[in-house]
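# Structural overview for review
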Amino acid sequence: MILEPLGLPVPQVAGLIDALRQRGETVATAESLTAGLVTAALTEVPGASAVVRGGLVVYATDLKDRLAGVDADLLAEHGAVHPDVASQLAVGASRRCGSDWGIGLTGVAGPDPQDGVAPGTVHLGFTGPRGTQVRTVNLDGDRHAVRAAAVRVALEHFAGLLR
């Protein structure tokens, strides 16, 4: 029961799964700060296996490169919390898992800054049939609140892309 603690209504997530099913499309994730929570939220819905291909938990910086295909030079120059990293995570999730859509998340949950990036900074990458985009948000709260809000924002934005 992951949805309730994250503040996600089951009908909202079920709507995403239904939209993907109706379109005949699939999704995969590559998650850093949320460590698989987006995939867990999506798969909470019965029938999700028809559209959720999988997810990569790339919490450690080196795994962003090795598992998700994020450019090592980008990571070395800018660190793990950067808009281009989120974009490449999304593309890597889609490619590595063979899905139509990819969602990538990176950010700082806190309590301390990471590589000079303030807690609450979250970069969300999305790739799909119409290209790739990144959304950056600044979220308030403690570590749990930032991670939960990142999942909500990612799924809400993804729902908008499916409309």
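Residues numbered from 1 in each chain as written. Predicted model: local features only at pLDDT ≥ 70, side-chain atom pairs only at ≥ 80, totals over all residues. Heavy atoms only, no water.

## Points about the UniProt feature "domain: CinA C-terminal" (unreviewed entry) in the chain
Stated formally: UniProt positions are given in the numbering used here, feature names are shortened, and annotations may be inferred rather than shown by experiment. Starting at the N terminus, helices and strands are each numbered in turn, a helix being any DSSP run of H or I of at least four residues and a strand any DSSP run of E of at least two.
Here, the residues flagged by UniProt with the feature "domain: CinA C-terminal" (unreviewed entry) are residues 16-159. The span residues 16-159 shows a helical share of 41% and a strand share of 24%, and its end C-alpha atoms are spaced 6 Å apart.

## With respect to the nonpolar core
Grouped burial of nonpolar side chains is what soluble globular proteins tend to show. Convention followed: Residues belong to a common nonpolar core when they are buried Ala, Val, Leu, Ile, Met, Phe, Trp, Tyr or Cys residues joined through side-chain atoms within 4.5 Å. Three labels apply to residues, based on accessible area from a 1.4 Å probe with only protein chains included: buried if under 20% of the type maximum, exposed if over 50%, partly exposed otherwise in between. By definition in these notes, contact holds between two residues if any of their heavy atoms fall within 4.5 Å.
With 39 residues, the main nonpolar core has Leu42, Leu155 and Phe158 as its most contacted residues. Ranked by the residues each element gives to this core, the list is headed by helix 7 (residues 143-162), at 12 residues. In this view, leucine 42 contacts Val13, Leu16, Ile17, Val27, Ala48, Val52 and Leu155; residues no more than four positions away in its chain are not counted. With 13 residues, the next largest nonpolar core counts Val58, Val85, Leu89 and Ala93 among its residues.

## Topic: unusual backbone geometry
In the segment running from glycine 110 into proline 111, the intervening peptide bond is cis, with an omega of 15 degrees. Tracing the backbone shows proline 111 in the loop between strand 3 (101-107) and strand 4 (121-128). Of note, the phi angle at alanine 35 is positive, near 45 degrees, even though the residue is not glycine. Inspection of the secondary structure puts alanine 35 in the loop between strand 1 (27-31) and helix 3 (37-42).

## Brief notes about the pairing of strand 1
The line we're drawing: For two strands to count as paired, DSSP must find a minimum of two bridges between them.
For strand 1, the buried fraction is high: five of the five residues fall into the buried class. Neither face of strand 1 is exposed, since Val27, Thr29 and Glu31 on one face and Ala28 and Ala30 on the opposite face are all buried. Two strands pair when backbone bridges link them, and strand 1 and strand 2 (residues 52-57) are joined in this way by five bridges, in the parallel orientation. Following the sheet pairing, alanine 28 is matched in strand 2 by glycine 54. Sheet analysis places strand 1 next to strand 3, joined by five bridges and oriented parallel. By the bridge assignment, threonine 29 is partnered in strand 3 with isoleucine 103.

## Points about the environment of glycine 131
Structurally, glycine 131 can be placed in strand 5 (residues 131-138). On a C-alpha basis, the gap between glycine 131 and valine 91 in space is 9.6 Å, while along the polypeptide they are 40 residues apart.

## Structural notes on the side chain of serine 94
On the secondary structure map, serine 94 appears in helix 6 (residues 83-97). With residues near it in sequence (within four places) discarded, serine 94 still touches Ser99, Asp100, Trp101, Gly102 and Thr127.

## Some thoughts on the pattern of salt bridges
Keep this limit in mind: Definition used for salt bridges: Asp or Glu carboxyl oxygen within 4 Å of a side-chain nitrogen of Lys or Arg.
According to the stated counting rule, one finds three salt bridges in the structure shown. Note that glutamate 25 and arginine 23 form a salt bridge whose closest N and O atoms lie 2.8 Å from each other.

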